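# Structural overview for review
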Amino acid sequence: MTSLAPVIEALQEVSMDLGKVRLVCDWVQYKSNFRNAVDVRAILPRPELSAGPGPAIVPLGVRDDDIEIAVDVRRSPGMSVAQVTAALRRESSRIWLEDWGLGSRSCVWDFNARYWKDLDLWEKSTGRGYEQALPGGVSDAHNHDAARAVIRDLFEVWDALADGDALPEELYVVELGVGNGTQAKVFLDEFRVLDAGHGRDYYRRLHYMMCDYSPHVLDLAREAVGEHRARISSFALDATAPSTTLGFLKYKVFLVYISNVYDNLPTDEVAQLGGRTYCVQTRAYLNDTDVAGLAESVGVAADELPALVHKLLRLGPGLLTEADPARFADVEAAVAFWRAVWDVVRLEERYVPLPGLDLYSLAPAMSGELLRPLLESGADIRMHVSNGAVASFADSLRLLHPFGRLVCHDLFVTDVHAYRANFRGPGKYEGSVVNWVNGPLLAHVGRRNGFDVHYAPFAHRVGGNIVTMTAQVRD
């Protein structure tokens with residue numbers, strides 16, 4: 001109640017039709033995120049409701065609201081009634097970085113891409129690696145027990161095929177999102193040891209394909225697995241369309257191995273509110289209270305910041321220093337500006353009616369109709385579409401051998417009702433974006449493509465939120 005008391009008192013001071021106000025409360029667990037303690041979101045009417053002289057006909061059971069007030073109960077108890085009132089009246093000025101659009105097209109994903117392109121510069125500036133920012137400071141991708149379990153499952157499949165004289169000479173494994181190469185090293189080290197005891201000489205036939213968006217990351221990975229050099233190849237690719245680069249491996253890959261990639265791919269959000277379906281549009285901004293010092297530090301007016309920010313995102317810190325040496329004396333200064341901007345980026349949101357799910361493109365060759373059973377699963381719901389993850393997953397399935405499987409460790413929502421209970425992102429991890437992944441949607445996509453999809457808690461660490469997804473051809 002301490003979280004809501006200032007909100008309730010502030011609502012009494014502003015002119016709003018309380019019968020058309022939604023109040024939602026979340027515990028935003030990400031200490032670095034894109035939200036204010038109290039946000040106001042417009043709920044736009046359907047076009048037919050605002051057209052014509054007479055009153056609109058509203059179907060039975062449908063509710064049309066005007067405003068959603070979103071409260072972060074972790075932070076709101078520290079707010080005064082005056083602060084909440086100002087938020088409800090939208091009295092603060094904002095420096096817009098973009099126009100309204102779908103969440104997957106927001107410039108926050110340009111920040112995300114820039115982070116991975118210039119990860120070395122960010123890590124040098126912060127003095128720590130990306131994985132040190134993770135809960136516990138370590139990734140489950142490094143777990144030796146998990147690698148051994150996956151390898152033993154591979155051996156079981158390969159043994160059966162070999163006994164039937166049906167095992168190909170070349171044994172392909174693809175890892176998407178190799179990071180610094182530690183997961184690849186763990187896998188290859190364990191594979192070599194287990195194969196030596198197994199006695200089938202699979203290691204000699206193994207082709208481990210390391211794939212990542214970032215050339216810098218691939219350089220680190222190649223160095224990490226140097227002793228396995230003869231067994232690896234590396235590819236810079238877009239994780240949402242791996243077969244564009246790896247098409248030569250169609251139906252040949254026995255394992256697609258992924259850790260903490262899907263949660264870092266662009267996503268929209270959709271909602272079912274009062275019996276109507278909406279997409280969530282966003283626009284990134286900088287609060288004017290945050291930007292005065294930022295603008296002064298680089299010698300520009302506050303309204304000049306958006307152009308400078310987009311120049312940074314387009315060129316990167318290195319080239320920005322060359323293009324604008326008067327403001328950025330060296331790369332370190334450009335990275336400092338980049339980090340300062342990222343700290344104060346926020347997202348304003350609004351709900352825009354969807355005219356029809358069949359008109360919404362979820363991913364290549366997939367319409368929003370796939371979302372219907374999830375959106376119409378009960379009470380009001382807002383959830384991720386996980387567009388990038390869905391595209392990557394569906395495209396990766398095309399690479400799999402008939403006896404292959406996809407194994408992914410990530411932040412999966414495994415029950416659609418969980419979206420009604422907890423905030424699932426977006427949050428910020430260092431310079432990147434992180435969201436939970438819509439597991440029921442991926443399972444639905446998998447089934448439509450002839451694959452069984454199963455989720456289980458990560459078996460090799462107690463606690464934590466990582467879930468293991470396994471997909472393989474339906475028997």
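Residues numbered from 1 in each chain as written. Predicted model: local features only at pLDDT ≥ 70, side-chain atom pairs only at ≥ 80, totals over all residues. Heavy atoms only, no water.

Next up on the list: the nonpolar core. One finds Tyr262, Leu362, Leu371, Phe393 and Leu406 to be the most contacted residues of the largest nonpolar core, which totals 68 residues. With six residues, the top contributor of residues to this core is helix H14 (residues 387–397). If near-sequence neighbours (up to four positions away) are discounted, Leu371 is found in contact with Val270, Leu357, Tyr360, Leu362, Met383, Val385 and Leu441. Of all hydrophobic cores here, the second largest spans 67 residues; its members include Leu97, Val150, Trp158 and Val298. (Core = buried A, V, L, I, M, F, W, Y, C linked by side-chain atoms within 4.5 Å. Buried < 20%, exposed > 50% of the residue type's maximum accessible area, 1.4 Å probe, protein only. Helix = DSSP H or I, 4+ residues; strand = E, 2+ residues; numbered from the N terminus. Contact = heavy atoms within 4.5 Å.)

Along helix H3 (residues 108–117), seven of the 10 residues are buried, which leaves the element largely enclosed by surrounding structure. By the burial criterion, the buried members of H3 are Val108, Trp109, Phe111, Asn112, Arg114, Tyr115 and Trp116.

With omega at 15°, the peptide bond leading from Gly425 into Pro426 counts as cis. Mapped onto the fold, Pro426 is located in the loop between strand E17 (412–413) and strand E18 (427–429). Phi angles above zero are rare outside glycine, and Asp165 is one such case at about 55°. Relative to the helices and strands, Asp165 is located in the loop between helix H5 (144–163) and strand E6 (171–176). In this structure, Glu430 is a non-glycine residue whose phi angle is positive, near 55°. Relative to the assigned elements, Glu430 resides in the loop between E18 and strand E19 (432–434). For Glu430, a relative accessible area of 15% puts it in the buried group.

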